[in-house]
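For reference, the chains in residue letters:
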Amino acid sequence: MPTFVYPSLLWGLLIISVPVLIHLINMMRHHRVRWAAMEFLLASHKKNRTWVLLKQLLLLLLRMAIVAVVVAAIAQPLLRSDLAGFLGHSKTHHIILLDDSFSMSDRWADTSVMERGKAVIQRIGTVAAERSEQQVFTLLRFSRAGQVGSGTQPDILEEAVDTQFAARLAKLLEPITASQTAADPLQAVAAVEQLLGESDGERRVVYLVSDFRSRDWNDPEELRQRLRELSTAGVELRLVNCVESARPNLAISSLHPASGTRVAGVPLFMEVTLENFDTKPARNVSVVLQEDGHSRPAVKVSEIPSRGMVKQRFQASFPTSGEHCISARLQDDAVAADNSRWAVVDLPTDVPVLIIDDEPKALDGWFLQSALSPGGSVRTGISARIETSRYLNMNSLDEFDSIYLCNVDRLDTAAIEALEAYVSAGGGLAVFLGPRTRSLTVNEELYRNGEGFFPLPLGRAVELEVDRLEQQPDLDVVDHPLFEIFKGERNSFLGTVSIDKYFATTKNWTPVADSGTQVIGRLRNAAPLIVESRFGKGRVVTFLTTASPTWNNWARNNPSFVVIVQELQSYIARRSDSGHSRLVGNPLDIELDADSYAPAVRFLPPADMDLGADTTGANRTETGSTIDTMGVMVNATPTTEGLLRASLPKTDRAGIYEAQLTNIDGRSQLRRYAINVDATEGDLQTIPNAELRSQLAGVDYEFLRAVDFELEALEEAGYNLGDFLLCMLVLMLLGEQILAYSASYHPPIRPAMGTAQQTVDVTQQAAGGWGGS
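Since the structure is predicted, the reported quantities are computational estimates derived from the model, not experimental observations. (Residues numbered from 1 in each chain as written. Predicted model: local features only at pLDDT ≥ 70, side-chain atom pairs only at ≥ 80, totals over all residues. Heavy atoms only, no water.)

Peer 1: Break down the overall build of the chain for me, citing the residues and quoting the values.
Peer 2: Helix and strand counts for the chain stand at 14 helices and 36 strands. Long-range contacts, defined here as pairs at least 24 residues apart, represent 75% of the contacts in the chain between residues at least 6 apart. Surface summary for the chain: the accessible area is close to 38,800 Å², and the carbon and sulfur share equals 53%. (Helix = DSSP H or I, 4+ residues; strand = E, 2+ residues; numbered from the N terminus. Contact = heavy atoms within 4.5 Å. Areas by Shrake-Rupley, 256 points an atom, 1.4 Å probe, with all protein chains shown as cover.)

This is the structure in structure tokens:
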């Protein structure tokens, strides 16, 4: 017996009585007409009455059947028997694409979005197991679609459904939880064709079980195209929404060192960024902090605006050099994955800095050295040494975090090449001009029409005219990390800087858009004074005046000079990538010096990372951490640059990952890497159904709610007779027209004889209308 997708519509079968009612009404309209030739007509009527009544009865029944077929087609009957194979597909393939991004961990009361999604999948599998016709099942999680290094890995692939399938499916679904990735539906949808290939006559139903957050479905051009291709290929698409509304959620979106020198024994400022994805402000937010597994005072944030963010600084201190781990955690809310964040900072014993000054007294170099490392009780961690330009082409520059050029007259070719190689590789360079600087030499050898490391063409040295009327500050700076520490100060010492002389640029020079060059400080006459540029991987900051108080008063009793030099050092210094945060789901790639390390690398991923666990690497198994000390063994492969590259393709959890290396001499070395979630996935705003329809224009799909899924008589299996009934309806309508024509009276057409021909309408022959039977 067939069932119906919309059984409530079967009440429409009452409309079958309409043709009968029309017939009876028309019968009441008949009236007798006396006619002289009636006897002849009555004799003819008696002779053909049986055949006429039969045709009229068939016509009435056909019209009633047409109404019944229309109602049944709208109610969508499902044929639940083996005979369905003769009418269409003999096999139904259920393809489940399960969203397991961490927004699916959204929890309330005693359930979660993921639990709802799993319940929908279990329902589909249970109903499929109850069908007598052939059923096939495929289950693929978003996070396992198109994985780097391992490809798509479905949990179930084209498994035949039998009577025991529901129990097996329940056992498989039980341990499945939301991942910590921000996997989107595109990869999963793209994997459908890759996994399944040609249909071979099977009926395919794709269920996209997700929470439909706005970030994944706003202008999904490629996703829309993929879904349209599936729909055009005859695949039935069912989008199952597992959540009704967005809940408040906070996230830690960033944790990294702020400006300042990073060195052991010197206070380090960290910056944590908190985001509020709710439409209401969040107040009195507390951030729990730990340094190398040891608790420290929490950070308090009074308010985070609705759909906004707040950056908060806090001070950390590590007396020893090496890698250190810092973690931050919020209180529990709707989603737990984005409440924690980790960072790794690598602190050296000191920071070596090279100052080049060819002037005999090295006055500029001395002022810079005094600002970088004043000595005495003040420890900055910076070790600055002054050398002449000859040092550049006679020694390796790789040991220095940054280099300062002061009042240099001329550099030979080898020195220029050494500096450019250093900056291109990521080194930082600061340039101060002075009386020894020659514009022609700089333009021809250092600028070279924009190909050198010097950022702009120089004009001549000029004096800044004295402002006796408006008395504006000589220096005007833009919003830039170098001057961020002065932001908001009413009486910034930058306003007391006096510039007497500087180098002008060539006429009409302006930075080229998108060139990486920008003016970050100007004089009151709008002339550039401080210019930043990029050269390769490194930064170059150029001051068109002296570092010493020769052409200005900056270094003479102005506290802002020391601050600016310290900030400059922090900004241009070479950075190690060990402290960079990587995202969950991306491979962890590291590069090693082939001459220093063995190719064997052991990765230790975090398992059930606990902020209270010791993350320093000591006594790992005695601190409550469940990290698998065996880890993952990887053999590094050579690169074209002569290095070794080792890769851990699977990073499915946030936390501190460790790489155990072995030096050529057999000594072990440990490196740490912070892996964090993509905090934007914590935005729980959902896309309205109407907007989703607009975004998926041209895609034929059915949108369902998980909470109603078990209450709807969906077509979990079997053959839908809707198309078959539509074809039958067309044939029945054609038959009705033919039968109606046959059962009605049509007088012969004769040529006009000069008189009007009369046609008599006999009531019992008027069977062509709805009431003519």
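Moving on from the coordinates now.
Peer 1: Describe the packing of aromatic side chains, and please don't skip the residues or the numbers.
Peer 2: Pairs of aromatic rings are described using the distance from one ring centre to the other and the angle between the two planes. Considering all chains together, one arrives at 9 aromatic pairs under this definition. Taken together, a centroid distance of 4.9 Å and an interplanar angle of 55 degrees make the contact between F137 and F165 tilted. Within this pair, whereas F137 is found in strand 6 (residues 134-141), its partner F165 is found in helix 5 (residues 165-173), the two being separated by 28 residues in sequence. F165 matches F137 in its accessibility class, with the two residues each being buried. One aromatic cluster is present, formed by F432, F543, W554 and F561 through successive ring pairs. The side chain of R539 reaches across the aromatic face of Y571, ending 4.1 Å from its centre. Across from the ring centre of Y701, 4.6 Å away, lies the NZ or CZ of R693, which sits over that ring. (Phe/Tyr/Trp six-rings, centres within 6.5 Å; stacked < 30°, edge-to-face > 60°. Buried < 20%, exposed > 50% of the residue type's maximum accessible area, 1.4 Å probe, protein only. Lys NZ or Arg CZ within 6 Å of the ring centre and 35° of its normal.)

Peer 1: Explain a nonpolar patch on the surface residue by residue, including any values.
Peer 2: Taken together, the side chains of W51, L54, L57, L58 and L61 present a nonpolar region at the surface, about 500 Å² in accessible area. Inspection of the secondary structure assignment puts L58 in helix 2 (residues 38-75). Residue L58 is classed as partly exposed on the basis of its relative accessible area of 43%. (Patch = residues over 30% accessible without salt bridge, like charges linked within 9 Å, V, L, I, M, F, W, Y side chains within 5 Å. Salt bridge = Lys/Arg side-chain N within 4 Å of Asp/Glu carboxyl O.)

Peer 1: Lay out unusual backbone geometry with the relevant residues and their values.
Peer 2: What you tend to see is this: most non-glycine residues have negative phi, and most peptide bonds are trans. Unlike most non-glycine residues, D292 shows phi in positive territory, near 50 degrees. Within the fold, D292 resides in the loop between strand 12 (282-291) and strand 13 (294-304). Phi at D514 takes a positive value of approximately 60 degrees, unusual for a residue other than glycine. Relative to the helices and strands, D514 resides in the loop between strand 23 (501-505) and strand 24 (518-523).

Peer 1: Requested: an account of the packing of helix 4 (residues 113-129) against helix 5, with residues and values cited.
Peer 2: Following both chains from N to C, one finds helix 4 and helix 5 inclined at 165 degrees, their axes separated by 8 Å at the closest point. When the axes of helix 4 and helix 5 are compared, the pair comes out roughly antiparallel. The two elements helix 4 and helix 5 cross, and the hand of that crossing is right-handed. Residues K118, I121, Q122, G125, T126 and A129 of helix 4 touch helix 5, and the partners they reach there are F165, A166, L169, A170 and L173. (Axes fitted to C-alpha atoms, helices over the stretch in contact; angles between N-to-C directions. Parallel < 35°, antiparallel > 145°, perpendicular 65-115°, else oblique. Left-handed = near helix turned anticlockwise from the far one by under 90°.)

Peer 1: Residue-level account of helix 6 (residues 185-196), with values.
Peer 2: Under the 1.5 Å per step criterion, the end-to-end length of helix 6 is 17 Å for 12 residues, consistent within 8% with the ideal 16 Å. Next to the buried residues of helix 6 lie strand 3 (91-98), strand 6, strand 7 (156-160), strand 8 (203-210), helix 7 (214-217) and helix 8 (221-232). The backbone nitrogen of L186 has a side-chain oxygen 3.1 Å away, supplied by the residue at the start of helix 6, namely D184. Looking one or two places after helix 6, you find G197, whose phi comes out positive at around 65 degrees. (Expected span 1.5 Å × (residues − 1). Polar contact = N/O pair within 3.5 Å; in protein donor to acceptor, adjacent residues only side chain to side chain.)

Peer 1: Any details on the environment of Q187? Residues and values, ideally.
Peer 2: As for its position among the elements, Q187 is in helix 6. Filtering out sequence-adjacent residues up to four positions away, Q187 remains in contact with A145 and G146.

Peer 1: Mind laying out the sheet that holds strand 19 (residues 402-406), listing which residues take part and the relevant values?
Peer 2: The sheet built from 8 strands is open, its strands ordered 18-17-19-20-26-25-24-22 with mixed pairing. Looking at which strands have only one partner, the edges of the open sheet turn out to be strand 18 (382-387) and strand 22 (475-477). Neighbouring strand axes in the sheet, compared pairwise and without regard to direction, differ in orientation by 20 degrees on average. Pairing analysis gives 6 bridges linking strand 17 (residues 351-357) to strand 18, with the strands arranged parallel. Among the inter-strand pairings, V351 is bridged to a residue of strand 18, identified as I382. (Pairing = 2+ DSSP bridges.)

Peer 1: Give me the pairing of strand 9 (residues 236-241): which residues, what numbers.
Peer 2: Summarising burial for strand 9: 5 of the 6 residues are buried, a large majority. Bridge count for strand 8 against strand 9 is 6 bridges, and the pairing is parallel. The partner of Y207 across the bridge, within strand 9, is R238. Both strand 9 and strand 35 (residues 701-705) contribute to a ladder of 5 bridges, which runs parallel. Note that in strand 35 the partner of V240 across the bridge is L704.

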